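# Structure assessment
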Amino acid sequence: MTNNKYVLDFVKKYADLMTPDNIVWIDGSKQQKKELTDIAASTGEVIKLNNKLLPGCLYHRTAVNDVARVEQRTFICSRDKENCGPTNNWMDPQEAYAKLDKIAAGSMKGRTMYVIPFSMGKIGSPFAKYGIELTDSIYVVLNMIIMTRVSEKVYDKLNGTDNFVKCIHGKVKLEEENRYICQFPEDNTIYSINSGYGGNVLLGKKCFALRIASYQGWKEGWMAEHMLILGVQKPNGEVKYICGAFPSACGKTNLAMLIPPETYTSKGYKVFTVGDDIAWLRKGKGGALYAINPENGFFGVAPGTNEKSNFNALQSTRSNTIFTNVVYNPKNKTVWWEGLDKNPPSNCFDWKGNPWSGGMTDAEGKPVKGAHPNSRFTAPIKNCPCLSPEFENPKGVPVSAIIFGGRRAKAAPLVYEARDWKHGVFVGAIMASETTAAASGAVGVVRHDPMAMLPFCGYHMGDYFQHWLDMGKKLKVKPKIFNVNWFRTDDKGNFIWPGFGDNMRVLEWILDRCDEAVDAVESPIGLLPRPEDINIEGLDLTVDTIAGLLNVDKATWKAEAKDIEEFFGKFGDKLPKELTKELKTLKSNLRKA
Ligand code: SAT
Ligand code: MN
């Protein structure tokens, strides 16, 4: 425990409001984790899985109405509405506290409140930020122990100050209509009620490490981004690091852990994972950009993960992992999800807890899915076979390239490079992607998602764009910026590019560009590879197919430019003039082309 006055006051304030029967201070010890697991197993909150096949693994189901982030119920409660910006929902902070307090009052009666001290980033690192989460869910405690560094050492690091993010979570009654995920950037506070789903309740993740941290980074001169971090080791032993921003459920985890095709591994190429979801970036040695992954685990999408698609992710889940909303097989106490293998089990229970067998169909003859499309695994990062030896480096890793990407059936080519940092910020700002099951709402609708931060930016996105431009001015060595799209489809709707490990072929071109080892060709939207410079050795594709994947269709991009203009219009005076200029350049390039 601690005698930090601010921590004690914080705990007391919410204990007085929510009136739990007990308060348990989480210390990060193995013993306490075991005790809590036993309690959760005895109440059915979790099921212990087969200790031989999946040692230390647990199974959990959320409520059926509580399976993804809820963006329409997520609020940025800045004092001035203007600072929230046009892309976030706003609530007045006083109104929000009053509203949530009223709903949460007395809600922990008969329950226990857990106090979780945690660090985002290695404890003591110059990047690290600390938080205390209050929750009435053991599932949340067990997940936080995997996803963050939970330890009493955090109290020492606070050194008697209130320099921690106050995170309040209560399940209350899991009511959809009273579900609120509120961020108070000026108060370093997060308040989340009526949910039990990961992204809404593991408050170190999106709420802190992106929404609150993006605001802190804006004020303090660094950046919090929705990015994976990977290292590519070349045959000469040199390792280069790449950060990649993609919307949720667009393959960040797969890219972060990719296994290069044989033509690369035989030459000695290797890929290392530093992070799969969040990067904190600062100017470091020599004026270069350095990145850390502030998390300590993976909260990955289960469906589609298998030996072939992502061997390293699957390996990461073989011990001490929590599976949420997948299929439970009571026969051998294991789990299954769509795409794990071609042998779905029988006599199981689906993510809703209903009897389920592989091959089951509904009244209309459609297959019944056993796992929810946004079902997840929470796995310790240390389990990852390709974890970078630099993962714990408190100074982070130097970033050579930044890639932006989304799911686009047509518009975006396989890869293109921004002409310079300013143009790169524009390329990130015009990102758009088809929506996925990671958030509630329609799936497959194209929406603007600048830098994949649309649901995660804790302040006005116009100021966020300006912050990107300002960071570029500060850096002496700027990473090159690229855009990729693995998801172009043919007329029948099939993906043209094989993706997964073969994305290494695109990374190679990107790294060659960083080393000035290959030329590029100008296009209206940026610099493109020559089709023959994408290595297709061992692939069932021709140079012509690559040329098609790199095609920039003028009519499509003219429509895109119109759409961007409309989107940019939302930001009014806060849109940096550099971006207006870049849009002008794009339009004039398209006219001239
Ligand atoms: O649900 S999370 O926000 O934690 C994961 C995601 O949507 O990227
Ligand atoms: Mn994410």
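Presented here is a report on the structure given in the accompanying data block. Each chain carries its own residue numbering, running from 1 in the written order of its sequence. Written order decides the labels, with chains lettered from A and ligands numbered from 1. Local features in this predicted model are restricted to residues whose pLDDT is 70 or higher, and side-chain atom pairs enter the listing and the counts only when it is 80 or higher, whereas totals over whole chains, interfaces and linings include all residues. Neither water nor hydrogens contribute to the side-chain values; these are computed over all heavy atoms in the structure.

Whether a residue is near a molecule or strand depends on its heavy atoms: if one lies within 4 Å, it is near. Taken together, the neighbourhood of ligand 1 is formed by Arg-69, Tyr-197, Gly-199, Lys-205, Lys-206, Ser-248, Phe-299, Arg-376 and Ala-438. N or O atoms within 3.5 Å of each other form a polar contact, as long as, within protein, one can give a hydrogen and the other can take it, and as long as residues adjacent in sequence are counted only when both atoms are side-chain atoms. Between ligand 1 and Tyr-197, the relevant distance is 2.7 Å, taken from an oxygen atom to a side-chain nitrogen or oxygen of the residue. The protein chains shown are the only cover counted for residues, whose accessible areas, like all others here, come from Shrake-Rupley with a 1.4 Å probe. Protein contacts shield 98% of the accessible area of ligand 1, which totals 250 Å² for the unbound molecule. Throughout, the ten residues Ala, Val, Leu, Ile, Met, Phe, Trp, Tyr, Cys and Pro are labelled nonpolar, Asp, Glu, Lys and Arg are labelled charged, and all others, Gly among them, are labelled polar. Tallied by class, the residues present in the shell around ligand 1 amount to three nonpolar, two polar and four charged.

Surrounding the manganese ion (ligand 2) are the protein donor atoms Lys-206 (NZ), His-226 (NE2) and Asp-277 (OD), at 2.2 Å. Metal donors: N, O and S atoms at distances within 2.8 Å, or within 3.2 Å for Na, K and Ca, with water omitted from the atom set so that some sites may seem incomplete. Between the donor residues of the manganese ion (ligand 2), the gaps in sequence give the motif K-x19-H-x50-D. Placement of the pair is Lys-206 in helix α7 (residues 204-220) and Asp-277 in the loop between β15 (270-275) and β16 (279-283), with a sequence separation of 71 residues. Note on accessibility: Lys-206 and Asp-277 belong to one class, buried. Strands here are runs of E lasting at least two residues and helices are runs of H or I lasting at least four, both read from the DSSP assignment and numbered beginning at the N terminus. Buried, partly exposed and exposed residues are distinguished by accessible area as a fraction of the type maximum, computed with a 1.4 Å probe on protein chains only: under 20%, between the cut-offs, and over 50%, respectively.

Backbone-to-backbone hydrogen bonds pair the strands of a sheet. The strands run either parallel or antiparallel. Taking strand neighbours across the sheet as the criterion, the five strands line up as β2-β3-β19-β24-β18 in an open arrangement whose pairing is mixed. A single partner strand is all that each edge strand has here, and the edge strands are β2 (47-48) and β18 (297-301). Across three bridges, strand β19 (residues 322-324) lies against strand β24 (residues 376-380) in antiparallel orientation. Bridge pairing in β24 links Phe-323 to Phe-377. When DSSP finds two or more bridges between a pair of strands, those strands are recorded as paired.

What follows covers the environment of Tyr-191. On the secondary structure map, Tyr-191 appears in strand β11 (residues 189-193). What makes Tyr-191 buried here is its relative accessible area of 0%. For the pair Tyr-191 and Trp-486, spaced 295 residues apart in sequence, the C-alpha separation works out to 37 Å. In what follows, a contact means two residues having at least one pair of non-hydrogen atoms within 4.5 Å. Ignoring any residue separated from it by four or fewer positions in sequence, one finds Tyr-191 in contact with Tyr-14, Leu-17, Met-18, Tyr-97, Leu-100, Asp-101, Ala-104, Ile-168, Tyr-180, Ile-181, Cys-182 and Phe-184.

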